[in-house]
Amino acid sequence: MYAIDDQVIDRARIGDDYLQPLLATAHRSRSQRPRCLCSASETGGVDMYVARVGGRYVLKRMPGTGPHHAPGCSSYAPPAELTGLAPLIGTAIREQPNTGLTRLTLGFPLTHHPSRTSVRNSDRTTDTDTGEHVDETKLTLRALLHLLWDDSGFVRWVPAMSGRRNWSTIRRHVYWAAETKRTKTSELSELLWLPEPFTVANKYEIAARRLAAFAPLVGPGTKQRLMLGLGEVKNLTPARFGRHKLIIKHAPDCPFIVEADTVAALWHTFGTELALRQALPDTKLLALLTFGITRAGVAVADRIALMSVSADWIPIESVFEHTLITGLIAHRRRFTKTLRYNQPPSTPLASLILTDTDPPTACYLTCATSSGPPQPADPDLPVTQWIWNTSVDAMPRIPPATHRTNTTRPHQASTTARNTQEAHNPSDDKEAPPWPIPPAAPTNGSTSTHCATTSASTTP
Ligand SMILES: [Zn+2]
(Lines give C-alpha, C1' and ligand atoms only; values in the text may rest on other atoms or scores of the structure.)
Protein backbone atom coordinates (compact mmCIF):
# COMPACT_ATOMS: atom_id res chain seq x y z
CA MET A 1 0.00 0.00 0.00
CA TYR A 2 0.97 3.62 -0.55
CA ALA A 3 -0.28 6.72 1.26
CA ILE A 4 -0.65 9.69 -1.08
CA ASP A 5 -2.34 12.89 0.01
CA ASP A 6 -4.14 11.04 2.85
CA GLN A 7 -5.43 8.37 0.47
CA VAL A 8 -4.33 4.75 0.81
CA ILE A 9 -3.56 3.29 -2.63
CA ASP A 10 -3.29 -0.39 -3.44
CA ARG A 11 0.26 -1.20 -4.53
CA ALA A 12 -1.00 -3.11 -7.56
CA ARG A 13 -3.02 -0.09 -8.76
CA ILE A 14 -0.25 2.54 -8.59
CA GLY A 15 0.45 2.31 -12.33
CA ASP A 16 -3.19 2.77 -13.35
CA ASP A 17 -4.14 5.76 -15.47
CA TYR A 18 -6.77 7.06 -13.05
CA LEU A 19 -4.06 7.72 -10.43
CA GLN A 20 -1.93 9.89 -12.73
CA PRO A 21 -3.67 13.16 -11.67
CA LEU A 22 -3.08 12.30 -8.01
CA LEU A 23 0.59 11.58 -8.69
CA ALA A 24 0.86 14.78 -10.75
CA THR A 25 -0.44 16.76 -7.78
CA ALA A 26 2.04 15.03 -5.47
CA HIS A 27 4.79 15.80 -8.00
CA ARG A 28 4.04 19.53 -7.70
CA SER A 29 3.62 19.47 -3.94
CA ARG A 30 6.64 20.22 -1.80
CA SER A 31 4.82 19.90 1.51
CA GLN A 32 3.59 16.32 1.72
CA ARG A 33 5.48 13.34 0.40
CA PRO A 34 3.90 10.04 -0.67
CA ARG A 35 4.77 7.18 1.63
CA CYS A 36 5.32 3.47 1.07
CA LEU A 37 3.54 1.50 3.78
CA CYS A 38 5.55 -1.72 3.31
CA SER A 39 7.37 -1.28 6.57
CA ALA A 40 5.86 -0.27 9.88
CA SER A 41 7.54 2.76 11.38
CA GLU A 42 6.91 5.51 13.85
CA THR A 43 6.29 7.95 10.99
CA GLY A 44 3.81 5.66 9.26
CA GLY A 45 5.83 4.52 6.28
CA VAL A 46 8.85 5.38 4.18
CA ASP A 47 8.90 8.70 2.31
CA MET A 48 8.85 8.55 -1.50
CA TYR A 49 8.85 11.15 -4.27
CA VAL A 50 7.20 11.40 -7.66
CA ALA A 51 9.26 11.59 -10.85
CA ARG A 52 8.15 11.94 -14.46
CA VAL A 53 9.45 9.01 -16.52
CA GLY A 54 8.39 8.04 -20.02
CA GLY A 55 5.67 10.68 -19.97
CA ARG A 56 4.12 9.24 -16.81
CA TYR A 57 4.35 10.00 -13.11
CA VAL A 58 5.93 7.24 -11.04
CA LEU A 59 6.83 6.78 -7.41
CA LYS A 60 10.51 6.54 -6.54
CA ARG A 61 12.26 5.97 -3.28
CA MET A 62 14.03 8.83 -1.56
CA PRO A 63 17.85 8.79 -1.63
CA GLY A 64 19.31 6.59 1.07
CA THR A 65 16.01 5.03 2.12
CA GLY A 66 16.34 1.69 0.29
CA PRO A 67 17.21 -0.36 3.42
CA HIS A 68 14.21 1.11 5.27
CA HIS A 69 11.75 -0.62 2.93
CA ALA A 70 10.70 -4.19 3.64
CA PRO A 71 12.94 -6.67 1.79
CA GLY A 72 9.97 -7.84 -0.26
CA CYS A 73 9.12 -4.29 -1.37
CA SER A 74 10.05 -3.30 -4.93
CA SER A 75 11.69 -0.17 -3.49
CA TYR A 76 14.00 -2.11 -1.16
CA ALA A 77 17.73 -1.62 -1.79
CA PRO A 78 20.65 -2.99 0.21
CA PRO A 79 22.57 -0.57 2.41
CA ALA A 80 24.86 1.35 0.05
CA GLU A 81 27.83 0.46 2.25
CA LEU A 82 27.51 -3.17 1.11
CA THR A 83 27.89 -2.18 -2.54
CA GLY A 84 30.18 0.01 -4.61
CA LEU A 85 27.58 2.77 -4.61
CA ALA A 86 28.39 4.38 -1.26
CA PRO A 87 31.43 6.49 -2.29
CA LEU A 88 29.56 7.91 -5.29
CA ILE A 89 26.40 9.13 -3.57
CA GLY A 90 26.45 12.88 -3.24
CA THR A 91 29.51 13.23 -5.46
CA ALA A 92 29.25 11.48 -8.83
CA ILE A 93 25.55 10.70 -8.28
CA ARG A 94 23.38 13.44 -6.83
CA GLU A 95 19.69 12.68 -6.59
CA GLN A 96 17.39 15.69 -6.37
CA PRO A 97 13.96 14.56 -5.16
CA ASN A 98 12.47 18.04 -5.53
CA THR A 99 13.03 17.94 -9.28
CA GLY A 100 13.00 14.18 -9.77
CA LEU A 101 16.39 14.42 -11.51
CA THR A 102 19.74 12.81 -10.84
CA ARG A 103 22.90 14.72 -11.69
CA LEU A 104 25.85 12.63 -12.84
CA THR A 105 29.53 13.52 -13.02
CA LEU A 106 31.24 11.43 -15.66
CA GLY A 107 34.91 10.52 -15.48
CA PHE A 108 35.32 9.94 -19.22
CA PRO A 109 35.05 12.28 -22.21
CA LEU A 110 32.14 12.51 -24.61
CA THR A 111 34.22 14.16 -27.27
CA HIS A 112 37.14 12.78 -29.20
CA HIS A 113 40.18 14.74 -30.35
CA PRO A 114 41.77 12.75 -33.20
CA SER A 115 45.11 14.48 -32.62
CA ARG A 116 45.25 13.41 -28.97
CA THR A 117 45.09 9.66 -29.40
CA SER A 118 48.09 8.93 -27.20
CA VAL A 119 46.59 10.91 -24.31
CA ARG A 120 43.26 9.19 -24.73
CA ASN A 121 44.87 5.78 -24.60
CA SER A 122 46.74 6.49 -21.41
CA ASP A 123 43.47 7.57 -19.79
CA ARG A 124 42.13 4.05 -20.15
CA THR A 125 44.08 2.91 -17.14
CA THR A 126 41.79 4.92 -14.92
CA ASP A 127 38.88 2.64 -15.79
CA THR A 128 40.30 -0.66 -14.71
CA ASP A 129 39.54 -3.49 -12.36
CA THR A 130 43.12 -3.66 -11.29
CA GLY A 131 42.95 -1.37 -8.32
CA GLU A 132 44.65 1.55 -9.97
CA HIS A 133 43.60 5.03 -8.98
CA VAL A 134 40.00 5.91 -9.76
CA ASP A 135 38.52 9.32 -8.99
CA GLU A 136 35.74 8.51 -6.54
CA THR A 137 33.93 11.71 -7.40
CA LYS A 138 33.30 10.63 -10.99
CA LEU A 139 31.64 7.72 -12.73
CA THR A 140 33.80 5.44 -14.84
CA LEU A 141 32.14 3.96 -17.90
CA ARG A 142 31.67 0.71 -16.00
CA ALA A 143 30.15 2.54 -13.04
CA LEU A 144 27.65 4.22 -15.38
CA LEU A 145 26.73 0.80 -16.79
CA HIS A 146 26.20 -0.47 -13.24
CA LEU A 147 24.08 2.56 -12.38
CA LEU A 148 21.83 2.05 -15.39
CA TRP A 149 21.45 -1.63 -14.55
CA ASP A 150 20.78 -0.89 -10.91
CA ASP A 151 18.16 1.76 -11.60
CA SER A 152 16.51 -0.34 -14.30
CA GLY A 153 15.80 -2.95 -11.63
CA PHE A 154 17.64 -5.82 -13.31
CA VAL A 155 19.61 -6.50 -10.14
CA ARG A 156 16.46 -7.65 -8.38
CA TRP A 157 15.10 -11.17 -8.69
CA VAL A 158 11.89 -12.83 -7.60
CA PRO A 159 10.67 -16.15 -9.06
CA ALA A 160 7.79 -14.47 -10.92
CA MET A 161 10.36 -12.73 -13.16
CA SER A 162 11.45 -16.04 -14.68
CA GLY A 163 11.19 -15.98 -18.46
CA ARG A 164 9.97 -12.39 -18.58
CA ARG A 165 13.17 -10.60 -19.49
CA ASN A 166 14.22 -10.08 -23.08
CA TRP A 167 16.07 -7.38 -25.01
CA SER A 168 12.91 -5.39 -25.61
CA THR A 169 12.25 -5.26 -21.84
CA ILE A 170 15.86 -4.44 -21.07
CA ARG A 171 15.92 -1.63 -23.63
CA ARG A 172 12.71 -0.03 -22.41
CA HIS A 173 13.71 0.01 -18.75
CA VAL A 174 17.25 1.26 -19.39
CA TYR A 175 15.83 4.17 -21.37
CA TRP A 176 13.44 4.91 -18.51
CA ALA A 177 16.33 4.84 -16.04
CA ALA A 178 18.29 7.25 -18.24
CA GLU A 179 15.38 9.64 -18.62
CA THR A 180 15.76 11.20 -15.18
CA LYS A 181 19.54 11.56 -15.38
CA ARG A 182 21.60 14.47 -16.58
CA THR A 183 25.29 14.95 -17.11
CA LYS A 184 26.98 18.32 -16.75
CA THR A 185 25.98 19.30 -20.29
CA SER A 186 23.36 16.87 -21.59
CA GLU A 187 20.33 14.71 -20.92
CA LEU A 188 21.63 11.17 -20.56
CA SER A 189 18.77 9.78 -22.64
CA GLU A 190 19.85 11.98 -25.56
CA LEU A 191 23.35 10.52 -25.39
CA LEU A 192 22.24 6.92 -25.12
CA TRP A 193 21.52 4.45 -27.89
CA LEU A 194 20.34 0.87 -27.48
CA PRO A 195 19.58 -1.13 -30.63
CA GLU A 196 15.97 -1.83 -31.51
CA PRO A 197 14.97 -5.50 -31.43
CA PHE A 198 15.98 -6.67 -34.89
CA THR A 199 13.60 -8.23 -37.38
CA VAL A 200 14.50 -9.03 -40.97
CA ALA A 201 11.16 -7.69 -42.17
CA ASN A 202 11.88 -4.23 -40.71
CA LYS A 203 15.64 -4.07 -41.13
CA TYR A 204 15.58 -1.09 -43.52
CA GLU A 205 13.30 0.97 -41.27
CA ILE A 206 15.42 0.07 -38.22
CA ALA A 207 18.62 1.08 -40.04
CA ALA A 208 17.05 4.38 -41.08
CA ARG A 209 16.04 5.20 -37.50
CA ARG A 210 19.53 4.31 -36.29
CA LEU A 211 21.15 6.62 -38.84
CA ALA A 212 18.83 9.40 -37.74
CA ALA A 213 19.82 8.81 -34.10
CA PHE A 214 23.51 8.96 -35.06
CA ALA A 215 23.14 12.04 -37.27
CA PRO A 216 24.01 14.60 -34.53
CA LEU A 217 27.42 12.94 -34.20
CA VAL A 218 28.42 13.87 -37.75
CA GLY A 219 29.39 17.49 -37.95
CA PRO A 220 32.19 19.95 -38.68
CA GLY A 221 34.98 20.81 -36.28
CA THR A 222 38.08 19.18 -34.88
CA LYS A 223 36.29 17.71 -31.87
CA GLN A 224 34.15 14.69 -32.60
CA ARG A 225 31.02 14.22 -30.48
CA LEU A 226 30.51 10.80 -28.94
CA MET A 227 27.41 8.85 -27.94
CA LEU A 228 26.90 6.04 -25.46
CA GLY A 229 25.89 2.67 -26.88
CA LEU A 230 24.63 -0.20 -24.75
CA GLY A 231 24.09 -3.68 -26.13
CA GLU A 232 24.85 -7.36 -25.89
CA VAL A 233 28.15 -8.32 -27.45
CA LYS A 234 27.77 -10.88 -30.20
CA ASN A 235 31.40 -10.94 -31.23
CA LEU A 236 34.68 -9.07 -31.31
CA THR A 237 36.65 -10.22 -34.31
CA PRO A 238 39.70 -9.10 -36.27
CA ALA A 239 38.84 -6.89 -39.20
CA ARG A 240 40.92 -5.75 -42.14
CA PHE A 241 43.90 -3.42 -41.75
CA GLY A 242 44.82 -4.39 -38.20
CA ARG A 243 41.59 -3.33 -36.52
CA HIS A 244 38.75 -5.24 -34.88
CA LYS A 245 35.02 -4.97 -35.25
CA LEU A 246 32.55 -5.21 -32.40
CA ILE A 247 29.22 -6.76 -33.36
CA ILE A 248 26.28 -5.91 -31.10
CA LYS A 249 23.24 -8.19 -31.08
CA HIS A 250 20.20 -6.67 -32.77
CA ALA A 251 22.51 -4.44 -34.83
CA PRO A 252 24.27 -6.93 -37.12
CA ASP A 253 24.51 -4.35 -39.90
CA CYS A 254 26.28 -1.78 -37.69
CA PRO A 255 29.76 -3.02 -36.77
CA PHE A 256 31.76 -0.77 -34.46
CA ILE A 257 35.38 -0.42 -35.53
CA VAL A 258 37.78 -0.91 -32.61
CA GLU A 259 41.41 0.18 -32.75
CA ALA A 260 44.09 -2.31 -31.74
CA ASP A 261 45.07 -0.34 -28.64
CA THR A 262 41.45 -0.30 -27.48
CA VAL A 263 41.27 -4.08 -27.84
CA ALA A 264 44.46 -4.41 -25.82
CA ALA A 265 43.03 -2.13 -23.10
CA LEU A 266 39.82 -4.17 -23.14
CA TRP A 267 41.67 -7.43 -22.50
CA HIS A 268 43.71 -5.78 -19.77
CA THR A 269 40.70 -4.34 -17.97
CA PHE A 270 37.91 -6.78 -18.75
CA GLY A 271 39.77 -10.05 -19.33
CA THR A 272 37.62 -11.70 -16.66
CA GLU A 273 34.38 -10.76 -18.41
CA LEU A 274 35.68 -11.95 -21.77
CA ALA A 275 36.85 -15.23 -20.23
CA LEU A 276 33.49 -15.78 -18.50
CA ARG A 277 31.70 -15.40 -21.81
CA GLN A 278 34.04 -18.01 -23.31
CA ALA A 279 33.68 -20.42 -20.38
CA LEU A 280 29.97 -20.13 -19.54
CA PRO A 281 27.80 -20.59 -22.63
CA ASP A 282 24.57 -19.60 -20.87
CA THR A 283 25.90 -16.13 -19.96
CA LYS A 284 25.79 -12.88 -21.89
CA LEU A 285 28.31 -10.10 -22.27
CA LEU A 286 27.03 -6.52 -22.18
CA ALA A 287 28.98 -3.53 -23.41
CA LEU A 288 28.61 0.16 -22.71
CA LEU A 289 30.77 2.06 -25.16
CA THR A 290 31.40 5.59 -26.24
CA PHE A 291 31.51 5.88 -30.01
CA GLY A 292 31.68 8.39 -32.78
CA ILE A 293 30.61 8.41 -36.42
CA THR A 294 33.04 9.34 -39.17
CA ARG A 295 31.96 11.61 -41.99
CA ALA A 296 31.61 8.48 -44.10
CA GLY A 297 29.12 7.10 -41.56
CA VAL A 298 31.39 4.46 -40.00
CA ALA A 299 30.85 3.83 -36.27
CA VAL A 300 34.12 3.84 -34.30
CA ALA A 301 34.31 2.76 -30.66
CA ASP A 302 36.27 5.04 -28.35
CA ARG A 303 36.04 3.37 -24.92
CA ILE A 304 34.36 0.12 -23.92
CA ALA A 305 33.24 -1.29 -20.56
CA LEU A 306 31.94 -4.84 -20.18
CA MET A 307 29.65 -6.60 -17.74
CA SER A 308 28.81 -10.31 -17.58
CA VAL A 309 25.23 -11.32 -16.89
CA SER A 310 23.51 -14.63 -16.37
CA ALA A 311 20.86 -16.08 -18.68
CA ASP A 312 18.34 -14.08 -16.61
CA TRP A 313 20.34 -10.86 -17.05
CA ILE A 314 21.67 -10.84 -13.45
CA PRO A 315 25.26 -9.47 -13.34
CA ILE A 316 27.96 -11.97 -12.40
CA GLU A 317 31.67 -11.54 -11.63
CA SER A 318 32.93 -15.12 -11.48
CA VAL A 319 32.11 -18.78 -12.03
CA PHE A 320 31.43 -19.01 -8.29
CA GLU A 321 28.91 -16.21 -8.41
CA HIS A 322 27.32 -17.79 -11.48
CA THR A 323 26.96 -21.03 -9.51
CA LEU A 324 25.40 -19.21 -6.56
CA ILE A 325 22.99 -17.12 -8.64
CA THR A 326 21.81 -19.86 -10.97
CA GLY A 327 21.26 -22.07 -7.90
CA LEU A 328 19.25 -19.36 -6.14
CA ILE A 329 17.09 -18.86 -9.22
CA ALA A 330 16.56 -22.61 -9.64
CA HIS A 331 15.47 -22.84 -6.01
CA ARG A 332 13.02 -19.96 -6.40
CA ARG A 333 14.85 -17.67 -4.01
CA ARG A 334 14.60 -13.87 -3.96
CA PHE A 335 17.60 -11.59 -3.93
CA THR A 336 19.09 -8.30 -5.00
CA LYS A 337 22.47 -8.34 -6.74
CA THR A 338 24.94 -5.71 -5.64
CA LEU A 339 27.32 -3.99 -8.06
CA ARG A 340 30.85 -2.65 -7.71
CA TYR A 341 30.62 0.60 -9.68
CA ASN A 342 34.18 2.01 -9.38
CA GLN A 343 35.42 -0.51 -6.82
CA PRO A 344 38.06 -3.12 -7.79
CA PRO A 345 37.44 -6.87 -7.20
CA SER A 346 39.91 -6.84 -4.31
CA THR A 347 37.48 -4.71 -2.26
CA PRO A 348 35.29 -7.06 -0.19
CA LEU A 349 31.74 -6.09 -1.10
CA ALA A 350 28.60 -8.15 -0.71
CA SER A 351 27.87 -10.24 -3.80
CA LEU A 352 24.11 -10.15 -3.29
CA ILE A 353 21.47 -9.76 -0.62
CA LEU A 354 18.97 -12.52 0.04
CA THR A 355 15.66 -10.70 0.50
CA ASP A 356 13.62 -13.74 1.51
CA THR A 357 15.36 -14.19 4.85
CA ASP A 358 14.50 -12.15 7.90
CA PRO A 359 16.56 -10.08 8.31
CA PRO A 360 18.07 -9.97 4.80
CA THR A 361 21.32 -11.88 4.33
CA ALA A 362 24.39 -10.26 2.75
CA CYS A 363 26.25 -12.97 0.82
CA TYR A 364 30.00 -12.49 0.42
CA LEU A 365 32.31 -14.41 -1.88
CA THR A 366 35.89 -14.09 -0.73
CA CYS A 367 39.07 -15.66 -2.06
CA ALA A 368 42.80 -15.64 -1.52
CA THR A 369 43.18 -12.37 -3.46
CA SER A 370 40.50 -10.47 -1.55
CA SER A 371 41.63 -7.71 0.77
CA GLY A 372 40.62 -9.53 3.92
CA PRO A 373 37.14 -10.40 5.16
CA PRO A 374 34.23 -7.98 4.86
CA GLN A 375 33.64 -5.43 7.55
CA PRO A 376 31.48 -6.59 10.48
CA ALA A 377 27.83 -5.85 9.95
CA ASP A 378 26.67 -2.42 11.07
CA PRO A 379 24.60 -3.07 14.23
CA ASP A 380 22.08 -0.49 13.00
CA LEU A 381 21.48 -2.34 9.76
CA PRO A 382 19.19 -5.39 9.92
CA VAL A 383 21.41 -7.64 7.80
CA THR A 384 23.14 -10.94 8.55
CA GLN A 385 26.25 -12.23 6.78
CA TRP A 386 26.93 -15.39 4.78
CA ILE A 387 30.50 -15.88 3.63
CA TRP A 388 31.86 -18.32 1.07
CA ASN A 389 35.66 -18.45 0.86
CA THR A 390 35.90 -19.84 -2.65
CA SER A 391 39.62 -20.60 -2.26
CA VAL A 392 39.16 -23.23 0.43
CA ASP A 393 35.51 -24.12 0.96
CA ALA A 394 32.67 -25.78 -0.86
CA MET A 395 29.61 -23.59 -0.95
CA PRO A 396 28.25 -23.26 2.61
CA ARG A 397 24.63 -23.95 3.24
CA ILE A 398 22.33 -21.16 2.13
CA PRO A 399 20.10 -19.77 4.88
CA PRO A 400 16.57 -21.03 4.25
CA ALA A 401 13.89 -18.64 3.08
CA THR A 402 11.62 -17.17 5.69
CA HIS A 403 8.00 -17.53 4.78
CA ARG A 404 6.37 -14.16 5.20
CA THR A 405 2.67 -13.47 5.25
CA ASN A 406 3.06 -9.89 4.04
CA THR A 407 5.67 -7.29 3.16
CA THR A 408 5.71 -5.81 6.64
CA ARG A 409 8.59 -6.76 8.85
CA PRO A 410 9.17 -5.90 12.48
CA HIS A 411 10.51 -2.39 12.81
CA GLN A 412 13.16 -3.52 15.27
CA ALA A 413 14.59 -6.46 13.37
CA SER A 414 17.28 -8.35 15.21
CA THR A 415 20.78 -8.10 13.88
CA THR A 416 23.05 -11.09 14.10
CA ALA A 417 26.37 -11.06 12.31
CA ARG A 418 27.56 -14.55 11.55
CA ASN A 419 31.10 -15.44 10.66
CA THR A 420 32.30 -18.12 8.33
CA GLN A 421 32.41 -20.78 11.00
CA GLU A 422 28.86 -20.10 12.08
CA ALA A 423 27.60 -20.13 8.53
CA HIS A 424 29.59 -23.14 7.48
CA ASN A 425 29.72 -26.35 9.47
CA PRO A 426 31.95 -28.77 7.49
CA SER A 427 30.36 -31.80 9.08
CA ASP A 428 26.99 -30.68 7.82
CA ASP A 429 28.29 -30.41 4.26
CA LYS A 430 28.94 -34.15 4.09
CA GLU A 431 25.27 -34.85 4.44
CA ALA A 432 23.50 -31.74 3.23
CA PRO A 433 23.72 -29.77 -0.03
CA PRO A 434 23.94 -25.95 0.06
CA TRP A 435 20.20 -25.76 -0.49
CA PRO A 436 18.52 -26.86 2.76
CA ILE A 437 14.87 -26.23 2.05
CA PRO A 438 13.30 -25.83 -1.39
CA PRO A 439 11.16 -22.74 -0.81
CA ALA A 440 7.47 -22.88 -1.54
CA ALA A 441 6.02 -20.99 -4.48
CA PRO A 442 5.15 -17.36 -3.69
CA THR A 443 1.70 -16.98 -2.22
CA ASN A 444 1.23 -13.44 -1.07
CA GLY A 445 1.62 -9.73 -1.65
CA SER A 446 5.36 -9.80 -1.16
CA THR A 447 5.68 -11.56 -4.51
CA SER A 448 5.40 -8.33 -6.43
CA THR A 449 6.91 -8.70 -9.87
CA HIS A 450 7.81 -5.03 -9.92
CA CYS A 451 11.34 -4.84 -11.09
CA ALA A 452 12.65 -1.32 -10.80
CA THR A 453 14.48 -0.72 -7.57
CA THR A 454 13.71 2.95 -7.58
CA SER A 455 10.35 2.94 -9.28
CA ALA A 456 7.17 1.42 -8.01
CA SER A 457 5.44 1.28 -11.35
CA THR A 458 7.46 -0.92 -13.65
CA THR A 459 6.97 -4.64 -14.16
CA PRO A 460 9.35 -6.50 -16.47
ZN1 LIG B 1 8.37 -0.02 0.48
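From a predicted model like this one, the values you see are computed outputs, not experimental measurements.

### Focus: helix α6 (residues 203-214)
Then, number 1: Helix length check: α6 (12 residues) gives 16 Å between terminal C-alpha atoms against 16 Å at 1.5 Å per residue, within 8%.
Then, number 2: Here α6 has its buried residues at Ile 206, Ala 207, Arg 210 and Phe 214. Summarising the axial view, the buried residues of α6 lie within an arc of 100°, below the 170-degree limit, and thus occupy one face. Every exposed residue of α6 that faces more than 90 degrees away from the buried side is listed here: Tyr 204 and Ala 212.

### Regarding the sheet that holds strand β3 (residues 35-36)
Then, number 1: The strand order β2-β1-β3-β4-β5 describes an open sheet built from five strands, whose pairing is antiparallel. The strands lining the two open edges of the sheet, one partner per strand, are β2 (7-9) and β5 (56-61).
Then, number 2: Bridge count between β3 and strand β4 (residues 46-53): two bridges; the pairing is antiparallel. Directly across from Arg 35, in β4, lies its bridge partner Asp 47.

### Describing the packing of aromatic side chains
Then, number 1: Summed over all chains, the structure comprises 10 aromatic pairs.
Then, number 2: On the numbers, 6.2 Å between centres and 35° between planes, the contact of Trp 167 with Trp 313 is tilted. Pair noted here: Trp 167 is in helix α4 (residues 167-179) and Trp 313 is in the loop between β17 (299-309) and β18 (315-316), with a separation of 146 residues, a long-range link. The exposure classification of Trp 167 matches that of Trp 313, with both residues buried.
Then, number 3: The interplanar angle of 75° and the centroid separation of 5.1 Å between the aromatic rings of Phe 256 and Phe 291 together place this pair among those described as edge-to-face.

How each quantity is defined
- Residues numbered from 1 in each chain as written.
- Predicted model: local features only at pLDDT ≥ 70, side-chain atom pairs only at ≥ 80, totals over all residues.
- Heavy atoms only, no water.
- Helix = DSSP H or I, 4+ residues; strand = E, 2+ residues; numbered from the N terminus.
- Expected span 1.5 Å × (residues − 1).
- Buried < 20%, exposed > 50% of the residue type's maximum accessible area, 1.4 Å probe, protein only.
- Arc of directions from axis to C-beta.
- Pairing = 2+ DSSP bridges.
- Phe/Tyr/Trp six-rings, centres within 6.5 Å; stacked < 30°, edge-to-face > 60°.

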